[in-house]
Every structure is written in C-alpha cells, then in structure tokens.
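What follows is the residue order along each chain.
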Amino acid sequence: MNTDSSSATPPVESFEAIIVGGGMVGTALCALLAQAGMQVALVEAQPAPLSLDDAKATLPAPRVSALTPVSQRLLTHVGAWPAMQQTRVTPYRGMQVWDAEGSGEIAFSADEAGVAVLGHIVENAVTLAALNRQIVDHPNVTPFFGVRIKALQRATPGFVGSVTSAPGGDWLVLDDERQLHAPLIIAADGARSALREMAGIEVASDDMQQDAVVTTVRCEHPHGGVARQAFIDGRPLAFLPLTVAGDDRYCSIVWSTTPKHAAELSELSQEALGDALGEALGYRLGQVTACDKAHRFPLVQRHARHYVQPHFALVGDAAHSIHPLAGQGVNLGLMDAAVLAEEVVHAWQRGAPWGELSTLRRYERRRRFDNSAMLGLMKGFKVLFGSHDPGLTLARNLGMSGMNKVVPLKRVLMRQATGERGRLPLSCR
C-alpha cells in the first residue's frame, strides 16, 4: 500500500467566485467582489503581484491607458485611486484631433464638457500595482500567482467533459494539479483567453491590418495637459500627455500604422525615432526625443459570440478587444467588471444563484450593446480616415471643421467619451 502523501490528489478548494487573469480588469473585479464580502480566488500566471515600488520607474512604462472620469470613480470606489495619484497620473483637460492630409481639425475641452478633466493618462503598471495593493492581503481573497489553468471541468448538464453530475458550479485544474471549485468562474485572461477557448466560446475576429507602436518621448515644448491625435494617411498617431517629476514635456506615443511601417519604426535608433515622430506631428510640440525604443504589437478587434454560459462569464479583453484609436479598451473592461460585480453581488446578497444564466445574462445584456457600438465606431473611423477618395477626404475635413463650431454637439460627444453612457453601476456614479 502506497502511503506517500505526495501522490495523493490535492483537496478541492471552494470559493464563491474564481477569476482567471490578474490584469487591471480581473483585479478590479476581484476587489469589487471581495469588498462586498464574497470569497474570491484570483489565478494569475505572473509569479508575483506588481507593487507600486516596481511601478515607480525613472521613466513611464510604454503601455498606458486614458482612464475616463467614470473609470476614475470605479478605481476610487475600490480604494486604488489615491495610491495611483501618489505614484503618477497625468490629467488632461483638452484634446486636439486633426487630419494631417487636409485641413480638418477639432478641439475638445473640459470646460466645454462641463467637467473637471476629460481623463487621466496612467501607466498600466501603476493602475495594476494600486489594484494589487487592495487585494493581496484582503481576507476575502485567495491569490494563486505563478500558476496557469490546465483544464476547465464542467459540471453543468449538457457540457462535454463533465466530471460530476453535482450542481453548483465548475472546476478548474491548475498546472500544479490543485483543483478549485466555484459557482462562478470568470475569464479575465486577455484577448487570447485560454479559458475562453476551454469553454468553447467562439470569437469574431477582425484583423485591422495595423500594428500599434508605443514608446515614451520628451518634447521641446510642454504638452499643456492636452491629448493630441493626428490622422496620417489613415494611421492615427497619438501624443498622450505625461508628467514626470513635475516635467510636463513627456508624452506616451501610440501610433497605429501598417505592419511594414511599424517594423521600420522599431528598428530606428532612438534619435531617428524621435525625429520621425516630431516630423509626423508637424512639430506641434517642437523637437521630439525618444526615451525608449519603439515597441509594437498587432491590432486585432475581437468580439466573443457570447459573454456567458452557466457558471461562466467573460470580461475585458477576453470578451472584446478594440482598436486603441479612442483609448477605450480598458475603460470598457472596467465597466464590464463593475456591471458584472453589481449583478452578481445583488444575487448573492439575496441568496439567489449568482452563477446561473438568469443572473449572468443581465450582465451580458447591459454590456454587449455598448461594447458592440464602440467596436463598430472604431472600425468606421478606420475606414473613414483610411480612405483616399477625394470626395470622402473633403467631406471628413469639412465635417471635422464644421463640428468644431457646434459646441452642443461637441458636448454630447465628450460626455460619451468620458464614459457617461447608459445606466452606470453604483460603483461608477
């Protein structure tokens, strides 16, 4: 008889919800559920949580997000925003958008929108580190760092691979053979979600035929708290304001361009890269000095056919990934987290089955239309600004210049861009 305990099957650990993916969206969702009193497991492949000390690099990291005031409210609700402010956030009160191939230009301001700021540019690492601070020592959170998912085992009737007929949720098997069980499992593991694939949820993909090039630069002139975006032959170039140790001449760059051009930019020296970026912006901020090389990644818009199954839900990039043109990706994901948390917690508090479809479909109904509309809008912008048709070029330039004079219409657009759309969850009001 083998008495070696190391060969025994590890006991199943049970939770009220399991979140796979410890990025910004998954960690925000974890914080929301835990603060409501639910017992939550967070599974993340990275070996350790990111700390604010890690995020306080001399220069900003190349990956940033333009967080809306609505996202700011959510981050304040979970307690992360004060730590982010103490680390590095840059508010912007203005936006300038123009067509580099013509004369069309439009400007937005916080004053016109009737808000304090249009948003904040924040490094993803800063946001994630502040969120990690809220969950790593929380009594309702059990983190599993440095592990991956080996299998999703369904206990729901009708799903292939069911290991038991017992109701009440599904199981995850980790790559260290531990097993986790919960009435609700949530995939927040990114655009190429392995857990979504295990669940058999199909995705509609749209290759945007562009790569995003990101880096950090220092400009000759201060950015003035204004986010700038130029459409150059259908390739949007964004200069997003950053302030480093009181110096407001830094910007984060996002240039969505052809794969060939992206490859060329990534091979340039930092000096040549700065020159290319300054020229592309028309030297509106003077000479540009690159602080890092160019990093690039392909742009593919994806949208899951379904967000939910019994005891299973997708959030963030696992449900939808979007072109960075309007900087809405993480904001859509954070809204997913807020709405899903609201629906699940409401069911849990009144003793209803929070992992069943009747609950999860309310989340899907509230989020799918907004996400679909934004995905469609980004695709439309790409087509509109990528066209070389003379008539369409003239129309878009006249449209931008004309809209710039209609303040009430601009105010409506800015309210939409700041996240004030539809019925907001309480955590975002």
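Residues numbered from 1 in each chain as written. Predicted model: local features only at pLDDT ≥ 70, side-chain atom pairs only at ≥ 80, totals over all residues. Heavy atoms only, no water.

## Thoughts on the overall build of the protein
What the protein contains, in helices and strands, is 13 helices and 22 strands. On C-alpha atoms alone, the protein measures out to a radius of gyration of 23 Å, which is about the 22 Å that the 2.2 N^0.38 rule sets for 429 residues. In terms of overall dimensions, the protein has a C-alpha envelope of 80 × 40 × 40 Å along the principal axes. Relative to its full complement of 429 residues, the protein shows a buried share of 53%. (Helix = DSSP H or I, 4+ residues; strand = E, 2+ residues; numbered from the N terminus. Rg over C-alpha atoms; globule rule 2.2 N^0.38 Å. Buried < 20%, exposed > 50% of the residue type's maximum accessible area, 1.4 Å probe, protein only.)

## Considerations on the side chain of Thr27
Mapping Thr27 onto the fold places it in helix H1 (residues 24-35). Residue class for Thr27 comes out buried when judged on its relative accessible area of 0%. In contact with Thr27, not counting residues within four places along its chain, are Gly21, Gly22, Leu42, Leu128, Leu131, Asn132 and Ile135. (Contact = heavy atoms within 4.5 Å.)

## With respect to the sheet that holds strand S4 (residues 64-67)
Strand pairing in a sheet takes place through backbone hydrogen bonds and is either antiparallel or parallel in direction. The antiparallel open sheet is built from three strands, whose spatial order is S4-S8-S5. Only two strands of the sheet have a single neighbouring strand rather than two, namely S4 and strand S5 (90-92). The sheet shows a mean angle of 25° between the axes of neighbouring strands, direction not considered. For S5 and strand S8 (residues 119-123), the ladder comprises three bridges, and the chain directions are antiparallel. Bridge assignment links Tyr92 to a residue of S8, and that residue is Gly119. Along the sheet face, helix H6 (residues 124-135) touches S4 and S8 and points at about 85° away from the line of S8. (Pairing = 2+ DSSP bridges. Axes fitted to C-alpha atoms, helices over the stretch in contact; angles between N-to-C directions.)

## Overview of the packing of helix H3 (residues 69-77) against helix H10 (residues 329-349)
Where H3 meets H10, the axes come as close as 10 Å, and the angle between the chain directions of the two elements is 45°. Put simply, H3 runs oblique to H10. Every pair of crossing elements has a handedness; the one defined by H3 and H10 is left-handed. Two secondary-structure elements touch here, H3 through Val70, Ser71 and Leu74 and H10 through Asn331, Leu334, Met335 and Ala338. A per-class count over the contact of H3 with H10 returns five nonpolar, two polar and no charged. (Parallel < 35°, antiparallel > 145°, perpendicular 65-115°, else oblique. Left-handed = near helix turned anticlockwise from the far one by under 90°. Nonpolar A, V, L, I, M, F, W, Y, C, P; charged D, E, K, R; others polar.)

## Description of a nonpolar patch on the surface
Residues Val406, Leu409, Val412 and Leu413 make up a contiguous nonpolar surface patch of roughly 290 Å² in combined accessible area. Tracing the backbone through its elements, the reader meets Leu413 in helix H13 (residues 407-417). Its relative accessible area of 35% is what places Leu413 among the partly exposed residues. (Patch = residues over 30% accessible without salt bridge, like charges linked within 9 Å, V, L, I, M, F, W, Y side chains within 5 Å. Areas by Shrake-Rupley, 256 points an atom, 1.4 Å probe, with all protein chains shown as cover. Salt bridge = Lys/Arg side-chain N within 4 Å of Asp/Glu carboxyl O.)

## Considerations on H6
The end-to-end C-alpha separation of H6 is 17 Å, in line with the 16 Å expected for 12 residues at 1.5 Å each. Taken across its 12 residues, H6 has nine buried, putting it largely inside the fold. Residues of H6 that are buried include every one of Asn124, Val126, Thr127, Leu128, Ala129, Ala130, Leu131, Asn132 and Ile135, and no others. (Expected span 1.5 Å × (residues − 1).)

## Points about the nonpolar core
Ile18, Leu33 and Met84 are the most contacted members of the largest nonpolar core, which has 81 residues in total. Element by element, the count of residues in this core is highest for H10, at 11 residues. When sequence neighbours within four positions are dropped, the list of residues in contact with Met84 reads Leu67, Leu75, Val89, Val122, Val126, Thr127 and Ala130. (Core = buried A, V, L, I, M, F, W, Y, C linked by side-chain atoms within 4.5 Å.)

## Brief notes about the pattern of salt bridges
Opposite charge on two side chains permits them to pair, given that their charged atoms come into close proximity. All chains considered together, the criterion is met by 18 salt bridges. Across the pair Glu177 and Lys150 runs a salt bridge whose closest N-O atoms are separated by 2.6 Å. Here the residue Glu177 occupies a position in the loop between strand S11 (170-174) and strand S12 (179-182), and Lys150 occupies one in strand S10 (residues 149-153), the gap between them amounting to 27 residues. Its salt-bridge partner being Arg421, residue Asp370 comes within 2.8 Å of it at the nearest N-O pair. With Asp370 in helix H11 (residues 357-386) and Arg421 in the segment after H13, the pair connects residues that are 51 residues apart, well separated along the chain. An identical accessibility class is assigned to Asp370 and Arg421; each is buried. Through salt bridges that share partners, Asp336, Arg367, Asp370 and Arg421 make up one connected network.

## Let's talk about H1
With 12 residues, H1 extends 16 Å between its outermost C-alpha atoms, agreeing within 8% with the 16 Å of an ideal straight helix rising 1.5 Å per residue. Most of H1 is tucked away, with 11 of its 12 residues classed as buried. If you check which residues of H1 are buried, you get Met24, Val25, Gly26, Thr27, Ala28, Leu29, Cys30, Ala31, Leu32, Leu33 and Ala34. With its phi angle positive at about 110°, Gly37 sits one or two positions after the end of H1.

## Describing the environment of Met24
With respect to the element layout, Met24 can be found in helix H1. The sequence separation of Met24 and Ala130 amounts to 106 residues, and the corresponding C-alpha distance is 9.6 Å. Once you skip the residues sitting within four places of it in the chain, Met24 turns out to touch Ser65, Asn124, Thr127, Leu128, Leu131, Val330 and Leu334.

## Some thoughts on the confidence of the model for the protein
For the protein, the average pLDDT comes to 90, and 90% of its residues sit at 70 or higher. The model gives residues 1-5 a pLDDT under 50, and that stretch makes one contact with residues more than four places away or in other chains. In this model residues 156-167 is a low-confidence stretch, pLDDT under 50, and it forms 17 contacts with partners more than four residues away in sequence or in other chains. (pLDDT = per-residue confidence, 0-100.)

## A look at the sheet that holds strand S9 (residues 141-145)
The six strands lie next to each other as S9-S3-S2-S13-S21-S20, forming an open sheet whose pairing is mixed. Each edge of the sheet is formed by a strand with only one pairing partner; in this case those strands are S9 and strand S20 (308-309). Relative to strand S3 (residues 40-44), strand S2 (residues 17-20) runs parallel, the two being bridged by four bridges. Considered in S3, the bridge of Ile19 is made with Leu42. Contacting S2, S3, S9 and strand S13 (185-187), H1 crosses the sheet at an angle of about 165° to S3.

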